[in-house]
Amino acid sequence: MKAIISSQPQLLARATILCSRNERFFRSVCPYSSPPPPPRLPRLSAKREQNLKVLFVARAADSTQPSTASSPSPDKTIVTDDEFSLAKVSFGVIGLGVGISLLSYGFGAYFNILPGSEWSAIMLTYGFPLAIIGMALKYAELKPVPCLTYSDAEILRETSATPILKQVRSDVIRYRYGDEQHLDEALKRIFQYGQGGGIPRRSAPILQMIREEVTGDGKYCLVLVFEAKALQFSDFEKRQAKFASFFGPNVTAEVGKGENDLYEVRLISSLNATASPSQSD
């Protein structure tokens, strides 16, 4: 067999090609020859090989290790005031509704349209004044302002809010009668309507809402949001000390500018969470 392969060059070339494609076939035809060596890949330089290793390790770490970035803190929960109270009821609406109902039924019973003609005189007698009182209360009615309360401020209110701040909150979130606006007496003294260095009454700020929150150092804060189209930020800034003294003691005041014509007065209680409000008197 060896003599035949060596004597015929064309047969040897064909056998070599077949052996490169199939090693088993080469061994069966050429048992005394070794198979051709496998192709050698080009060797990378040491620097390029190191860069590839670093890149592979970095990508593996990114895909397997969790991110170390801190997750954003959850937003503060807003407390909804669903508790029923007479302060949230409009006596003008009640008086007007009851008075008109008595008058309507009294006239119907008087003309025998509705039963109970013997009670028509009593219903007309009480229905007329109740309707008048209801209309008067409705005319002089001052609606409560919205109150935005955060859960942490609600917890801190009982222990850290001063009695005056609690009273301010209670006064502005209920119906009032006869006042031109909420905190009318306080604003009159602070802004000195019609006096030297004061402002005209027609330019008085109007309370739009209040907000209960906790400051960065853990203090209770009641924010009064006013709308004042005729005033500037300087008008509030130079009366900052007056806000603190009027709503004090144990209260510091800060003023700020909001959107459009809105201004904020932040009344911050200096009572700590462990002290009771009576200790500040």
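What counts, and where the lines are drawn
- Along each chain, numbering runs from 1 in the same order as the chain's sequence is written.
- Only residues with pLDDT of at least 70 are given local features in this predicted model, and only at 80 or more are side-chain atom pairs given and counted; all residues enter the totals for whole chains, interfaces and linings.
- Each side-chain value is worked out from all heavy atoms of the structure, with water and hydrogens disregarded.
- Where helices and strands are cited, they refer to DSSP runs of H or I of at least four residues and of E of at least two residues respectively, numbered from the N terminus.
- Here the term buried applies to any residue with accessible area under 20% of the maximum for its type, exposed to any over 50%, and partly exposed to those in between, with areas from a 1.4 Å probe on protein chains only.
- For the purposes of these results, a polar contact is taken to be a pair of N or O atoms within 3.5 Å, where, inside protein, one atom must be able to donate a hydrogen and its partner to accept one; residues adjacent in sequence count only when each atom of the pair is a side-chain atom.
- Throughout, the arc means the angular range of directions from the helix axis out to the C-beta atoms.
- Any pair of residues with heavy atoms lying within 4.5 Å of one another is described as a contacting pair.
- Two distance rules govern patches: like charges are joined within 9 Å, and nonpolar side chains (Val, Leu, Ile, Met, Phe, Trp, Tyr) within 5 Å, applied only to residues with over 30% relative accessible area and no salt bridge.
- Note on areas: Shrake-Rupley, 1.4 Å probe, and residue coverage restricted to the protein chains presented here.
- The term salt bridge refers to a pairing of a side-chain nitrogen on Lys or Arg with a carboxyl oxygen on Asp or Glu at a separation within 4 Å.
- When DSSP finds at least two bridges between two strands, those strands are taken to pair.
- With axes taken as lines fitted to C-alpha atoms, and helix axes fitted only over the stretch in contact, angles between N-to-C directions fall between 0 and 180 degrees.

For the chain, the name recorded in an unreviewed UniProt entry is Thylakoid membrane protein slr0575, with Jatropha curcas as its organism.

Engineer: What exactly am I supposed to notice about the environment of Glu141 here?
Structural biologist: Turning to its location among the elements, Glu141 is positioned in strand β2 (residues 141–142). The class for Glu141 is buried, based on a relative accessible area of 14%. Residues Glu141 and Phe91, 50 residues apart in the sequence, show an inter-C-alpha distance of 8.8 Å. Separated by 3.2 Å, the side chains of Glu141 and Lys138 make a polar contact.

Engineer: How do you make sense of helix α8 (residues 163–172) when you look at a structure like this?
Structural biologist: In an α-helix, one full turn covers 3.6 residues, which means residues spaced three or four apart are oriented alike. By the burial criterion, the buried members of α8 are Leu165, Val168, Arg169, Asp171 and Val172. For α8, the arc enclosing every buried residue in end-on projection is 165°, short of the 170-degree limit, so these residues lie on one face.

Engineer: Just checking my understanding: could you explain the side chain of Ser120 for this structure?
Structural biologist: Position of Ser120 among the secondary structure elements: in helix α6 (residues 120–139). A polar side-chain atom of Ser120 sits 2.7 Å from the main-chain carbonyl oxygen of Ser117. With residues near it in sequence (within four places) discarded, Ser120 still touches Gly106, Ala109 and Tyr110.

Engineer: How do you make sense of a nonpolar patch on the surface when you look at a structure like this?
Structural biologist: Together, Leu86, Phe91, Ile94, Val98, Trp119, Ile122, Tyr126 and Leu130 make up an exposed nonpolar region whose accessible area comes to about 790 Å². Mapped onto the nonpolar patch, the elements with two or more residues apiece are α5 (91–110) and α6.

Engineer: Which parts of the structure should I look at to understand the pattern of salt bridges?
Structural biologist: Note on pairing: side chains with opposite charge can pair once their charged atoms come close. Under the definition given, this model contains 15 salt bridges. Note that Arg176 is salt-bridged to Asp171, the shortest N-O span being 3.8 Å. Given the relative accessible area of 18%, Asp171 is considered buried. Among the charged side chains, a salt-bridge network with shared partners connects Arg211, Glu213, Glu254, Glu264 and Arg266.

Engineer: When you look at the sheet that holds strand β5 (residues 206–214) in this model, what are you seeing that I'm missing?
Structural biologist: Hydrogen bonding along the main chain pairs the strands of a sheet, whether they run parallel or antiparallel. Strands sit in the order β1-β3-β5-β6-β8-β7 across an open sheet of 6 strands; the sheet is mixed. Across the chains shown, the open sheet's two edge strands, defined by having one partner strand only, are β1 (78–79) and β7 (251–257). Looking at chain direction, β1 and strand β3 (residues 147–150) are connected through 2 bridges and run antiparallel. Residue pairing for β3: Val79 is matched across the bridge by Thr149. In this fold helix α7 (residues 151–160) packs onto β1, β3, β5, β6 (220–227) and β8 (262–269), with an angle of close to 90° to the strand it touches most, β3.

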